[in-house]
There are 2 protein chains.
Amino acid sequence: MEKPAALEELIQALRCLPGVGPKSAQRMAYHLLQRDPKGAERLASGLTEALACIRHCARCNTFTQAETCSLCASPRRDAALLCVVESPGDLLMMEQSQSYAGLYFVLMGRLSPLDGVVKEVILATNFTVEGEATAHYISEMLAGKGLAITRIARGLPVGGELEHVDSGTLAQAVLERRPA
Amino acid sequence: MEKPAALEELIQALRCLPGVGPKSAQRMAYHLLQRDPKGAERLASGLTEALACIRHCARCNTFTQAETCSLCASPRRDAALLCVVESPGDLLMMEQSQSYAGLYFVLMGRLSPLDGVVKEVILATNFTVEGEATAHYISEMLAGKGLAITRIARGLPVGGELEHVDSGTLAQAVLERRPA
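Residue numbers restart at each chain and count upward from 1, following the sequence in its written direction. Labels follow written order: the first chain is A, the first ligand is 1, and so on. Side-chain atom pairs in this predicted model are given and counted only at pLDDT of 80 or more, local residue features only at pLDDT of at least 70, and totals for whole chains, interfaces and linings cover all residues. Computation of side-chain values: all heavy atoms of the structure, hydrogens and water removed.

A. How the structure looks around the overall build of chain A. Where helices and strands are cited, they refer to DSSP runs of H or I of at least four residues and of E of at least two residues respectively, numbered from the N terminus. Within chain A one finds seven helices and seven strands. Going from N to C terminus, chain A has its helices and strands arranged as α-α-α-β-β-α-β-α-β-β-α-β-α-β. Three exposure classes are used, based on accessible area relative to the maximum for each residue type with a 1.4 Å probe and protein chains only: buried under 20%, partly exposed in between, and exposed over 50%. Buried positions account for 50% of the 180 residues belonging to chain A. Within chain A, contacts between residues separated by at least 24 positions form 53% of all contacts whose residues are at least 6 apart in sequence. Note on areas: these come from Shrake-Rupley sampling with a 1.4 Å probe, and a residue is covered only by the protein chains present in the view. Carbon together with sulfur atoms contributes 52% to the accessible area of chain A, which is approximately 8,700 Å² in total. Here, two residues are considered to be in contact whenever any of their heavy atoms come within 4.5 Å of each other.

Shown next, in the form of C-alpha coordinates:
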(Lines give C-alpha, C1' and ligand atoms only; values in the text may rest on other atoms or scores of the structure.)
Protein backbone atom coordinates (compact mmCIF):
# COMPACT_ATOMS: atom_id res chain seq x y z
CA MET A 1 0.00 0.00 0.00
CA GLU A 2 1.22 3.50 -0.82
CA LYS A 3 0.69 6.00 1.96
CA PRO A 4 -0.39 9.52 0.95
CA ALA A 5 2.76 11.63 0.36
CA ALA A 6 1.92 14.15 3.11
CA LEU A 7 1.50 11.31 5.62
CA GLU A 8 4.77 9.66 4.58
CA GLU A 9 6.54 13.03 4.93
CA LEU A 10 5.07 13.55 8.40
CA ILE A 11 6.31 10.10 9.47
CA GLN A 12 9.81 10.91 8.19
CA ALA A 13 9.75 14.34 9.86
CA LEU A 14 8.81 12.80 13.24
CA ARG A 15 12.01 10.77 13.12
CA CYS A 16 14.02 13.92 13.94
CA LEU A 17 12.81 13.43 17.54
CA PRO A 18 15.33 11.65 19.78
CA GLY A 19 14.45 8.01 20.47
CA VAL A 20 11.79 7.85 17.74
CA GLY A 21 12.32 5.06 15.18
CA PRO A 22 10.26 4.23 12.07
CA LYS A 23 7.59 2.26 13.98
CA SER A 24 7.07 4.93 16.67
CA ALA A 25 6.99 7.69 14.04
CA GLN A 26 4.28 5.82 12.17
CA ARG A 27 2.25 5.34 15.34
CA MET A 28 2.64 9.02 16.27
CA ALA A 29 1.54 10.24 12.81
CA TYR A 30 -1.57 8.05 12.78
CA HIS A 31 -2.36 8.96 16.37
CA LEU A 32 -2.21 12.70 15.62
CA LEU A 33 -4.35 12.49 12.46
CA GLN A 34 -6.85 9.98 13.88
CA ARG A 35 -7.26 11.20 17.41
CA ASP A 36 -5.57 14.51 18.06
CA PRO A 37 -5.55 16.96 15.12
CA LYS A 38 -5.82 19.85 17.64
CA GLY A 39 -2.67 18.58 19.35
CA ALA A 40 -0.91 18.37 15.98
CA GLU A 41 -1.88 21.96 15.25
CA ARG A 42 -0.61 23.08 18.64
CA LEU A 43 2.67 21.22 18.09
CA ALA A 44 3.16 22.79 14.64
CA SER A 45 2.65 26.31 15.99
CA GLY A 46 4.71 25.53 19.12
CA LEU A 47 7.64 24.51 16.93
CA THR A 48 7.32 27.54 14.65
CA GLU A 49 6.98 29.90 17.62
CA ALA A 50 9.98 28.42 19.46
CA LEU A 51 12.17 28.57 16.35
CA ALA A 52 11.20 32.23 15.85
CA CYS A 53 11.41 33.43 19.49
CA ILE A 54 14.11 31.45 21.24
CA ARG A 55 17.63 32.87 21.05
CA HIS A 56 20.78 32.66 23.13
CA CYS A 57 21.34 34.80 26.24
CA ALA A 58 23.90 37.53 25.51
CA ARG A 59 25.73 36.72 28.77
CA CYS A 60 25.57 32.94 29.30
CA ASN A 61 24.36 31.54 25.94
CA THR A 62 21.42 29.60 27.34
CA PHE A 63 17.97 29.76 25.72
CA THR A 64 15.99 32.95 26.31
CA GLN A 65 13.36 35.12 24.69
CA ALA A 66 14.83 38.35 26.08
CA GLU A 67 18.29 39.89 25.63
CA THR A 68 19.55 38.13 28.77
CA CYS A 69 18.04 35.10 30.50
CA SER A 70 16.16 35.14 33.82
CA LEU A 71 19.14 33.54 35.62
CA CYS A 72 21.66 36.17 34.48
CA ALA A 73 19.14 38.92 35.33
CA SER A 74 18.38 37.57 38.82
CA PRO A 75 19.91 39.49 41.79
CA ARG A 76 19.56 36.36 43.94
CA ARG A 77 22.21 34.32 42.13
CA ASP A 78 25.79 34.30 43.48
CA ALA A 79 27.81 36.20 40.86
CA ALA A 80 31.11 34.98 42.36
CA LEU A 81 30.42 31.43 41.16
CA LEU A 82 30.39 30.36 37.54
CA CYS A 83 29.40 26.91 36.33
CA VAL A 84 30.47 25.91 32.82
CA VAL A 85 28.14 23.49 31.04
CA GLU A 86 28.05 22.21 27.49
CA SER A 87 24.44 22.94 26.53
CA PRO A 88 21.19 24.63 27.68
CA GLY A 89 19.80 21.15 28.42
CA ASP A 90 22.70 20.54 30.84
CA LEU A 91 22.03 23.89 32.53
CA LEU A 92 18.43 22.82 33.06
CA MET A 93 19.55 19.53 34.66
CA MET A 94 21.86 21.45 37.01
CA GLU A 95 18.99 23.76 38.01
CA GLN A 96 16.65 20.84 38.59
CA SER A 97 19.21 19.29 40.97
CA GLN A 98 18.79 22.43 43.16
CA SER A 99 22.42 22.19 44.24
CA TYR A 100 23.84 25.36 42.75
CA ALA A 101 23.03 29.07 43.17
CA GLY A 102 25.68 30.78 41.02
CA LEU A 103 25.74 31.83 37.38
CA TYR A 104 26.34 29.70 34.29
CA PHE A 105 28.23 29.77 31.08
CA VAL A 106 26.91 27.53 28.31
CA LEU A 107 29.70 26.60 25.91
CA MET A 108 27.63 25.90 22.76
CA GLY A 109 30.98 25.22 21.12
CA ARG A 110 32.25 28.71 21.94
CA LEU A 111 34.42 30.20 24.67
CA SER A 112 34.19 33.76 25.99
CA PRO A 113 36.37 35.84 28.36
CA LEU A 114 35.42 35.98 32.05
CA ASP A 115 34.83 39.43 33.44
CA GLY A 116 37.03 39.54 36.54
CA VAL A 117 34.30 39.30 39.18
CA VAL A 118 34.20 35.52 39.24
CA LYS A 119 36.12 33.76 42.05
CA GLU A 120 35.42 30.14 41.25
CA VAL A 121 34.72 28.37 38.00
CA ILE A 122 32.99 24.99 38.22
CA LEU A 123 33.54 22.87 35.16
CA ALA A 124 30.36 20.86 34.71
CA THR A 125 31.02 19.39 31.27
CA ASN A 126 30.09 15.76 30.65
CA PHE A 127 32.27 12.81 31.65
CA THR A 128 32.88 11.92 28.03
CA VAL A 129 36.11 12.21 26.07
CA GLU A 130 34.96 15.53 24.61
CA GLY A 131 33.70 16.87 27.95
CA GLU A 132 36.92 15.94 29.74
CA ALA A 133 39.03 17.49 26.98
CA THR A 134 36.94 20.66 27.13
CA ALA A 135 37.33 20.86 30.92
CA HIS A 136 41.07 20.29 30.62
CA TYR A 137 41.37 22.97 27.94
CA ILE A 138 39.42 25.53 29.96
CA SER A 139 41.32 24.83 33.15
CA GLU A 140 44.63 25.33 31.28
CA MET A 141 43.32 28.58 29.82
CA LEU A 142 42.28 29.85 33.23
CA ALA A 143 45.48 28.78 35.06
CA GLY A 144 47.33 31.67 36.75
CA LYS A 145 44.31 33.99 36.83
CA GLY A 146 43.83 33.58 40.59
CA LEU A 147 40.59 31.65 40.14
CA ALA A 148 39.56 28.48 41.93
CA ILE A 149 38.85 26.01 39.16
CA THR A 150 36.83 22.97 40.14
CA ARG A 151 35.36 20.01 38.35
CA ILE A 152 32.18 18.23 39.39
CA ALA A 153 33.26 14.89 40.66
CA ARG A 154 31.45 11.87 41.99
CA GLY A 155 28.04 10.75 40.87
CA LEU A 156 28.12 10.88 37.11
CA PRO A 157 28.90 7.41 35.74
CA VAL A 158 31.85 7.15 33.36
CA GLY A 159 30.69 7.83 29.80
CA GLY A 160 27.42 9.30 31.11
CA GLU A 161 25.78 12.54 30.02
CA LEU A 162 24.07 15.10 32.31
CA GLU A 163 20.78 14.76 30.45
CA HIS A 164 20.34 11.18 31.58
CA VAL A 165 21.42 11.47 35.21
CA ASP A 166 18.93 11.82 38.07
CA SER A 167 18.90 15.02 40.16
CA GLY A 168 20.18 13.36 43.34
CA THR A 169 23.27 11.99 41.67
CA LEU A 170 23.94 15.34 40.05
CA ALA A 171 23.49 17.19 43.37
CA GLN A 172 26.09 14.85 44.95
CA ALA A 173 28.47 15.55 42.11
CA VAL A 174 28.18 19.30 42.73
CA LEU A 175 28.68 19.01 46.51
CA GLU A 176 31.83 16.94 46.05
CA ARG A 177 33.52 19.05 43.40
CA ARG A 178 37.33 19.29 43.75
CA PRO A 179 40.18 21.37 42.24
CA ALA A 180 40.78 20.61 38.56
CA MET B 1 14.58 28.66 36.91
CA GLU B 2 11.84 29.94 34.62
CA LYS B 3 12.00 28.55 31.11
CA PRO B 4 11.22 30.97 28.26
CA ALA B 5 7.46 30.83 27.56
CA ALA B 6 7.87 29.61 23.97
CA LEU B 7 10.09 26.75 25.17
CA GLU B 8 7.64 25.78 27.91
CA GLU B 9 4.80 25.81 25.36
CA LEU B 10 6.81 23.60 22.98
CA ILE B 11 7.43 21.10 25.80
CA GLN B 12 3.70 21.00 26.62
CA ALA B 13 2.78 20.67 22.92
CA LEU B 14 5.15 17.68 22.49
CA ARG B 15 3.15 15.82 25.15
CA CYS B 16 0.34 15.27 22.63
CA LEU B 17 2.55 12.55 21.12
CA PRO B 18 1.69 9.03 22.35
CA GLY B 19 4.14 7.67 24.92
CA VAL B 20 5.79 11.05 25.55
CA GLY B 21 5.79 12.15 29.22
CA PRO B 22 7.11 15.41 30.74
CA LYS B 23 10.74 14.26 30.88
CA SER B 24 10.82 12.99 27.26
CA ALA B 25 9.04 16.14 26.03
CA GLN B 26 11.68 18.28 27.73
CA ARG B 27 14.50 16.25 26.19
CA MET B 28 12.88 16.45 22.75
CA ALA B 29 12.41 20.23 22.93
CA TYR B 30 16.02 20.86 23.97
CA HIS B 31 17.29 18.39 21.39
CA LEU B 32 15.42 20.14 18.57
CA LEU B 33 16.52 23.65 19.57
CA GLN B 34 20.11 22.70 20.40
CA ARG B 35 20.93 20.22 17.69
CA ASP B 36 18.27 20.00 15.03
CA PRO B 37 16.44 23.28 14.24
CA LYS B 38 16.17 22.15 10.59
CA GLY B 39 14.40 18.98 11.76
CA ALA B 40 12.06 21.08 13.92
CA GLU B 41 11.22 23.23 10.90
CA ARG B 42 10.57 20.15 8.78
CA LEU B 43 8.34 18.70 11.49
CA ALA B 44 6.33 21.94 11.80
CA SER B 45 5.67 22.09 8.07
CA GLY B 46 5.06 18.32 7.88
CA LEU B 47 2.33 18.67 10.51
CA THR B 48 0.75 21.71 8.85
CA GLU B 49 0.87 20.05 5.43
CA ALA B 50 -0.63 16.77 6.68
CA LEU B 51 -3.44 18.59 8.51
CA ALA B 52 -4.24 20.55 5.34
CA CYS B 53 -3.93 17.72 2.76
CA ILE B 54 -4.99 14.49 4.41
CA ARG B 55 -8.68 13.64 4.20
CA HIS B 56 -10.78 10.48 4.30
CA CYS B 57 -11.30 8.28 1.25
CA ALA B 58 -14.83 8.68 -0.09
CA ARG B 59 -15.21 4.89 -0.35
CA CYS B 60 -13.39 3.32 2.58
CA ASN B 61 -12.68 6.25 4.96
CA THR B 62 -8.93 5.66 5.22
CA PHE B 63 -6.44 8.53 4.89
CA THR B 64 -5.86 9.84 1.39
CA GLN B 65 -4.90 13.01 -0.46
CA ALA B 66 -7.14 12.23 -3.46
CA GLU B 67 -10.90 11.65 -3.66
CA THR B 68 -10.41 7.89 -3.20
CA CYS B 69 -7.37 6.11 -1.77
CA SER B 70 -4.85 4.06 -3.79
CA LEU B 71 -6.31 0.79 -2.42
CA CYS B 72 -9.88 1.53 -3.52
CA ALA B 73 -8.58 2.72 -6.90
CA SER B 74 -6.40 -0.36 -7.49
CA PRO B 75 -7.70 -2.93 -10.04
CA ARG B 76 -5.51 -5.60 -8.41
CA ARG B 77 -7.51 -5.79 -5.16
CA ASP B 78 -10.22 -8.45 -4.82
CA ALA B 79 -13.49 -6.47 -4.73
CA ALA B 80 -15.44 -9.52 -3.48
CA LEU B 81 -13.71 -9.31 -0.10
CA LEU B 82 -14.24 -6.53 2.42
CA CYS B 83 -12.32 -6.18 5.66
CA VAL B 84 -13.81 -3.92 8.34
CA VAL B 85 -11.26 -2.20 10.59
CA GLU B 86 -11.64 0.48 13.23
CA SER B 87 -9.06 3.03 12.09
CA PRO B 88 -6.62 3.91 9.27
CA GLY B 89 -3.78 2.78 11.56
CA ASP B 90 -5.38 -0.68 11.78
CA LEU B 91 -5.72 -0.80 7.97
CA LEU B 92 -1.99 -0.09 7.71
CA MET B 93 -1.18 -2.94 10.11
CA MET B 94 -3.34 -5.31 8.04
CA GLU B 95 -1.51 -4.26 4.86
CA GLN B 96 1.88 -4.69 6.49
CA SER B 97 0.95 -8.25 7.44
CA GLN B 98 0.61 -8.99 3.67
CA SER B 99 -2.14 -11.49 4.36
CA TYR B 100 -5.08 -9.82 2.68
CA ALA B 101 -5.77 -8.68 -0.91
CA GLY B 102 -9.36 -7.40 -0.71
CA LEU B 103 -10.86 -4.00 0.01
CA TYR B 104 -11.36 -2.29 3.35
CA PHE B 105 -13.90 -0.30 5.23
CA VAL B 106 -12.60 1.91 8.02
CA LEU B 107 -15.30 2.51 10.61
CA MET B 108 -14.09 5.85 12.07
CA GLY B 109 -17.18 5.60 14.25
CA ARG B 110 -19.49 5.47 11.24
CA LEU B 111 -21.24 2.71 9.32
CA SER B 112 -22.13 2.78 5.64
CA PRO B 113 -24.18 0.49 3.40
CA LEU B 114 -22.38 -2.21 1.39
CA ASP B 115 -22.87 -2.07 -2.34
CA GLY B 116 -23.99 -5.60 -3.23
CA VAL B 117 -20.80 -6.80 -4.93
CA VAL B 118 -19.17 -7.99 -1.74
CA LYS B 119 -19.36 -11.75 -0.98
CA GLU B 120 -17.46 -11.89 2.29
CA VAL B 121 -17.05 -9.37 5.05
CA ILE B 122 -14.11 -9.89 7.40
CA LEU B 123 -14.59 -8.17 10.72
CA ALA B 124 -11.12 -7.06 11.82
CA THR B 125 -12.05 -4.85 14.75
CA ASN B 126 -9.95 -5.04 17.90
CA PHE B 127 -10.37 -7.72 20.57
CA THR B 128 -11.55 -5.15 23.07
CA VAL B 129 -15.02 -4.73 24.53
CA GLU B 130 -15.77 -1.97 21.99
CA GLY B 131 -14.30 -3.90 19.08
CA GLU B 132 -16.22 -7.07 19.95
CA ALA B 133 -19.46 -5.11 20.36
CA THR B 134 -18.88 -3.40 17.01
CA ALA B 135 -18.25 -6.74 15.29
CA HIS B 136 -21.36 -8.20 16.88
CA TYR B 137 -23.46 -5.21 15.84
CA ILE B 138 -22.22 -5.33 12.26
CA SER B 139 -22.72 -9.09 11.94
CA GLU B 140 -26.32 -8.69 13.20
CA MET B 141 -26.90 -5.90 10.69
CA LEU B 142 -25.55 -8.00 7.84
CA ALA B 143 -27.37 -11.20 8.79
CA GLY B 144 -29.70 -12.54 6.05
CA LYS B 145 -27.99 -10.63 3.24
CA GLY B 146 -26.36 -13.79 1.84
CA LEU B 147 -22.87 -12.64 2.84
CA ALA B 148 -20.20 -14.73 4.50
CA ILE B 149 -19.36 -12.82 7.66
CA THR B 150 -16.09 -13.77 9.31
CA ARG B 151 -14.12 -12.53 12.27
CA ILE B 152 -10.33 -12.64 12.49
CA ALA B 153 -9.53 -15.22 15.10
CA ARG B 154 -6.35 -16.51 16.64
CA GLY B 155 -3.25 -14.48 17.20
CA LEU B 156 -4.41 -11.25 18.76
CA PRO B 157 -4.06 -11.49 22.52
CA VAL B 158 -7.18 -10.79 24.56
CA GLY B 159 -7.46 -7.05 25.23
CA GLY B 160 -4.86 -6.35 22.55
CA GLU B 161 -5.04 -3.74 19.79
CA LEU B 162 -3.97 -4.18 16.15
CA GLU B 163 -1.47 -1.34 16.38
CA HIS B 164 0.68 -3.22 18.86
CA VAL B 165 0.64 -6.68 17.31
CA ASP B 166 3.46 -7.97 15.10
CA SER B 167 2.77 -8.76 11.42
CA GLY B 168 3.22 -12.55 11.77
CA THR B 169 0.59 -12.82 14.51
CA LEU B 170 -1.79 -10.68 12.52
CA ALA B 171 -1.23 -12.76 9.36
CA GLN B 172 -2.08 -15.88 11.35
CA ALA B 173 -5.26 -14.27 12.63
CA VAL B 174 -6.35 -13.50 9.07
CA LEU B 175 -5.62 -17.02 7.80
CA GLU B 176 -7.66 -18.56 10.59
CA ARG B 177 -10.70 -16.34 10.35
CA ARG B 178 -14.03 -18.14 10.99
CA PRO B 179 -17.78 -17.38 10.63
CA ALA B 180 -18.98 -14.70 13.03
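B. Focus on the pattern of salt bridges. Residues and elements named next belong to chain A. The term salt bridge refers to a pairing of a side-chain nitrogen on Lys or Arg with a carboxyl oxygen on Asp or Glu at a separation within 4 Å. Summed over the entire model, instances satisfying the criterion amount to eight salt bridges over all chains. Taking the shortest distance from any N to any O, the salt bridge between Glu 67 and Arg 55 comes out at 3.6 Å. Taken as a pair, Glu 67 in the loop between β2 (63-64) and α4 (70-73) and Arg 55 in strand β1 (residues 55-56) lie far apart in primary sequence, twelve residues in all. For Arg 55, a relative accessible area of 41% translates into the label partly exposed.

C. Quick peek at unusual backbone geometry. All names here are of chain B. A positive phi angle, near 80°, is found at Asn 61, a position not held by glycine. Turning to its location among the elements, Asn 61 is positioned in the loop between β1 (55-56) and β2 (63-64). With a phi angle near 50°, Gln 98 is a residue other than glycine that sits in the positive phi range. Looking at where Gln 98 falls in the secondary structure, it is placed in the loop between α5 (88-96) and β4 (102-106). The class of Gln 98 is exposed, set by a relative accessible area of 74%.

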